[in-house]
Amino acid sequence: MHSFFRCRVLTGLTVLLGSLSASAAVAQELYTLETTCRSAGQTYSCNVVASNVDDTTEYVHQFGSKTVSYRVIDDPYVRIEGRASDTTPWRSVKNATIDFRTEELCFNNNAFCVKNPKYLADVLVGSGDAMQGRTKVGMVFAANGRVDVACFDNGCDRLKDAIRQ
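One structure accompanies this document, and this report is about it. Note that the coordinates shown come from a computational prediction; the quantities given were computed from them, not determined experimentally. (Residues numbered from 1 in each chain as written. Predicted model: local features only at pLDDT ≥ 70, side-chain atom pairs only at ≥ 80, totals over all residues. Heavy atoms only, no water.)

## Things to note about the layout of surface pockets
To find the voids left in a structure, one rolls a probe of water-molecule size over its atoms.
Part 1 of the argument: For the largest pocket, the calculated volume is near 270 Å³.
Part 2 of the argument: Lining of the largest pocket is provided by 16 residues; of these, V68, Y70, R83, A84 and N108 occupy positions nearest its centre.
Part 3 of the argument: Those elements that provide at least two residues to the lining of the largest pocket are β4 (66–73), β5 (79–83) and β6 (91–92).
Part 4 of the argument: No other element matches the 4 residues that β4 contributes to the lining of the largest pocket.
Part 5 of the argument: Looking at side-chain class alone, the lining of the largest pocket contains 7 nonpolar, 6 polar and 3 charged residues. (1 Å grid on protein atoms, 1.4 Å probe; cavity = no way out; pocket = protein on both sides within 12 Å on 5 of 7 lines; lining within 4 Å. Points joined across faces, edges and corners; volume = space filled by probe spheres on them. Helix = DSSP H or I, 4+ residues; strand = E, 2+ residues; numbered from the N terminus. Nonpolar A, V, L, I, M, F, W, Y, C, P; charged D, E, K, R; others polar.)

Below, the structure written as structure tokens:
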């Protein structure tokens with residue numbers, strides 16, 4: 001049950017992000033979303049395209065002339081990778097947080113955030129009783145992308161302090 005819950009939270013963290021892979025021939029678009037993204041301390045209007053590509057769920061975020069992509073890989077374990085453009089390599093995400101109050105999902109110490117109220121509401125409902133009443137969820141990933149630490153609510157503030165050190 002714990003493994004299922006962690007997988008559900010990881011999937012929720014990543015569905016908000018983005019990445020449409022170059023192998024568009026095998027991509028199946030899931031949805032598009034007009035929302036806001038935050039990068040380098042500035043907020044932008046942002047278009048998100050979520051797609052199933054091979055064995056991943058990928059999300060591409062376009063704002064201005066920039067594209068930021070993220071993908072969720074489920075096998076052999078759930079992990080998240082991101083890249084700053086279509087020409088840069090995929091890299092494991094260092095950390096991710098969901099703030100249910102601001103309706104934002106953020107990666108790598110808030111280097112990139114996306115707002116998605118509908119999806120986060122779905123994450124809460126889909127996670128059952130374990131997530132009800134939660135305000136924050138966060139994770140820190142190992143170099144191989146696997147979850148090292150997960151936090152909830154006030155524990156996430158403590159985790160952020162540990163990350164800064």
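On we go from here.
## Examining unusual backbone geometry
Part 1 of the argument: Geometrically, the link from D75 to P76 is a cis peptide bond, its omega value of 10 degrees lying close to zero.
Part 2 of the argument: Inspection of the secondary structure puts P76 in the loop between β4 and β5.

## With respect to the sheet that holds β5
Part 1 of the argument: Pairing is antiparallel across the open sheet formed by 11 strands, whose spatial order is β6-β5-β4-β3-β2-β1-β9-β8-β7-β10-β11. A strand with exactly one partner marks an edge of an open sheet, and here the two such strands are β6 and β11 (147–152).
Part 2 of the argument: Pairing geometry for β4 and β5, over 5 bridges, is antiparallel. Considered in β5, the bridge of S69 is made with R83. (Pairing = 2+ DSSP bridges.)

## Notes on a negative patch on the surface
Part 1 of the argument: Side chains of D54, D55, D74 and D75 sit close together on the surface and give a patch of like negative charge.
Part 2 of the argument: Take D75: it is sitting in the loop between β4 and β5. (Patch = residues over 30% accessible without salt bridge, like charges linked within 9 Å, V, L, I, M, F, W, Y side chains within 5 Å. Areas by Shrake-Rupley, 256 points an atom, 1.4 Å probe, with all protein chains shown as cover. Salt bridge = Lys/Arg side-chain N within 4 Å of Asp/Glu carboxyl O. Lys, Arg positive; Asp, Glu negative; His and termini not counted. Charge placed at Lys NZ, Arg CZ, Asp CG, Glu CD.)

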